[in-house]
Amino acid sequence: MSAILIFMAGIAGIIGWWMASQRLTSKPWLEVGLASDAPGMRGSSETIAKIGLGIFLAVVGALFTLFISAYLSRMGGADWWGIPIPRLLWVNTTALAASSVALQWAKTEARTNRRERLNTALAAAFVTAVLFVAGQFTAWWQLMSEGYVLADNPSNSFFYMITGLHGLHIVGGLFVLGRTAIRARTGPAARVRLSVDLCAIYWHFMFIVWLVLFALFAGWANSFVDLCRQLVT
C-alpha cells in the first residue's frame with residue numbers, strides 16, 4: 001500500500017509540475033496591466049485543452065494505480081505463479097521510448113514551423129508506436145503458445161488485462177497522432193502546434209506508465225515494495 005501511495009504521489013507531483021508550467025497556478029488578481037496583455041488570457045483555448053488532457057491523464061493514472069494495487073495485493077496468494085517476461089518486451093520498450101523521443105522532436109519542430117522536419121518526426125513517432133503495439137501482440141502470442149493462457153492463473157490474467165489496457169490507450173493515441181500528422185501538412189501553425197503538444201504530453205505519460213508496468217512485471221517492484229514496508233515499519 002505504501003508503494004501505491006508513493007506512486008500516486010509521484011503522478012500528482014508530475015501533474016502539479018505540469019500545471020505550474022502552464023501558468024495554471026498563477027494569481028490573475030495580482031497581475032498588473034491590461035487584461036488583453038496577460039499571457040494567461042491569450043490562447044485560452046490552448047489552456048482549456050491542456051487542462052482537459054491533464055484531467056484525463058489524472059483519471060488514467062488513477063485507473064492504472066488501482067490495477068497495480070490489485071496486482072500487488074493478489075500476488076501473495078497461494079495460487080499465484082509468476083509469468084515469464086518475454087525478451088521482446090525490451091524491444092517494445094525501446095520502440096515506445098523512440099516514439100516518445102520522436103514526438104518531443106516534433107514538438108520542437110512545430111514551434112519553429114519547420115513542416116518537413118515536423119512531418120518526418122510525426123511519421124517516426126507513428127511508425128515506432130505501431131511497432132510497439134505489434135510487438136505487444138507478438139509477445140502475447142509467444143506466451144500463449146508456451147501455455148501461459150489467460151485463465152491459467154491470476155498472474156496471467158493480470159498481465160494480459162493490464163498490458164491490454166495500456167495497449168488500448170496507445171491505439172487510441174495513434175488515431176489522434178494520425179490526425180495530427182495529416183493536419184501538420186496543411187493546417188494552421190497554431191493549431192498544429194497545439195495538437196503536437198497534446199500528443200507529446202500524452203505519449204510521455206503513457207511511456208512513464210509503461211515503465212512502471214514493465215518494472216512491475218519484471219519483478220523489480222517487489223524490492224521496492226519491501227523497501228517501502230521497511231521504511232513504514
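Once a new chain begins, its residue numbering starts again from 1 and follows that chain's sequence as written. This being a predicted model, a pLDDT of at least 70 is required before a residue's local features are given, and a value of 80 or more before pairs of side-chain atoms are given or counted; all residues contribute to the totals for chains, interfaces and linings. Each side-chain value is derived from all of the structure's non-hydrogen atoms; neither hydrogens nor water enter the calculation.

The protein goes by Cytochrome C oxidase in an unreviewed UniProt entry, where it is assigned to Agrobacterium arsenijevicii. Taken from UniProt, the Sequence similarities (unreviewed entry) comment for the protein reads in full: "Belongs to the cytochrome c oxidase subunit 3 family." UniProt positions are given in the numbering used here, feature names are shortened, and annotations may be inferred rather than shown by experiment.

(A) A look at the overall build of the protein. Going along the chain from the N terminus, every DSSP run of H or I of four or more residues is numbered as a helix, and every run of E of two or more is numbered as a strand. Across its full length, the protein holds 7 helices and 0 strands. We call two residues in contact when some of their heavy atoms are within 4.5 Å. Counting only contacts in the protein whose residues sit at least 6 apart along the sequence, the fraction spanning at least 24 positions is 81%. Here the protein has roughly 12900 Å² of accessible surface; of this, 68% comes from carbon and sulfur atoms. Surface accessibility in these figures is a Shrake-Rupley result with a 1.4 Å probe; residues are shielded only by whichever protein chains are displayed.

(B) Structural context of the side chain of Q136. With respect to the helices and strands, the residue Q136 is situated in helix α4 (residues 115–145). Buried residues are those whose accessible area, probed at 1.4 Å on protein chains only, stays under 20% of the maximum for their type, while exposed residues exceed 50% and partly exposed ones sit between those limits. Exposure remark for Q136: the relative accessible area of 9% places this residue in the buried category. Look past the residues within four positions of Q136 in its chain and what remains in contact with it is L89, N92, T163 and W210.

(C) Expanded view of the packing of helix α3 (residues 88–112) against helix α6 (residues 189–218). Between α3 and α6, the least distance of the axes is 9 Å, while the angle of their chain directions is 155°. When the interaxial angle is binned, α3 and α6 end up roughly antiparallel. The crossing of α3 and α6 is left-handed. Polar here means any residue other than Ala, Val, Leu, Ile, Met, Phe, Trp, Tyr, Cys and Pro, which are nonpolar, and Asp, Glu, Lys and Arg, which are charged; Gly is therefore polar. Of the residues contributing to the contact of α3 with α6, the split by class is 16 nonpolar, 5 polar and 4 charged. Simply put, an axis is a line fit to the C-alpha atoms, just over the touching stretch for a helix, and the angle between two N-to-C directions goes from 0 to 180 degrees. In this scheme, roughly parallel covers angles under 35 degrees and roughly antiparallel covers those over 145, while 65 to 115 is roughly perpendicular and the rest are oblique. Take the far helix as your reference; a near helix turned counterclockwise from it by less than a right angle gives a left-handed crossing, and one turned clockwise gives a right-handed crossing.

(D) Looking closely at the packing of α4 against helix α5 (residues 154–186). Contact pair α4 / α5: the axes reach a minimum separation of 10 Å and the direction vectors enclose 160°. The angle between the axes of α4 and α5 places the two elements in the roughly antiparallel class. Considering how the two elements wind past one another, α4 and α5 form a crossing that is left-handed. A per-class count over the contact of α4 with α5 returns 19 nonpolar, 8 polar and 2 charged.

(E) Representation of α5 within the structure. Between its terminal C-alpha atoms α5 stretches 49 Å, which fits the 48 Å expected from 33 residues at 1.5 Å a residue. For this analysis, a polar contact is any N or O atom pair within 3.5 Å, provided that within protein one partner can donate a hydrogen and the other can accept it, and provided that sequence-adjacent residues contribute only side-chain to side-chain pairs. Near the N-terminus of α5, the side chain that reaches the backbone nitrogen of S155, with its oxygen 2.8 Å away, is that of N153. Helix span, expected: 1.5 Å multiplied by one less than the number of residues in the helix.

(F) Expanded view of unusual backbone geometry. Look at N113: it is not a glycine, yet its phi comes out positive at around 60°. Positionally, N113 belongs in the loop between α3 and α4. Residue classification places N113 among the partly exposed residues on the basis of a relative accessible area of 40%.

(G) Molecular detail of the packing of aromatic side chains. Classification of ring pairs uses Phe, Tyr and Trp, with its six-membered ring standing for Trp, and accepts pairs whose centres are within 6.5 Å; under 30 degrees between planes counts as stacked, over 60 as edge-to-face, and the remaining range as tilted. Under the defined criterion, the tally for this structure stands at 13 aromatic pairs. Consider the rings of F56 and Y202, whose centres lie 6.4 Å apart with planes at 20°: the pair is stacked. Here F56 is found in helix α2 (residues 44–74), whereas its partner Y202 is found in helix α6, with 146 residues between them in sequence. Note on W140 and Y160: the rings are 5.6 Å apart at their centroids and 85° apart in plane angle, and the pair reads as edge-to-face. Of this pair, W140 sits in helix α4 while Y160 sits in helix α5, and the two are 20 residues apart along the sequence. Overall, W140 belongs to the partly exposed group, its relative accessible area being 23%. With a relative accessible area of 8%, Y160 lands in the buried category. These aromatic residues form a ring-pair network of at least three members: Y71, W80, F137, W140, F158, F159, Y160 and F217.

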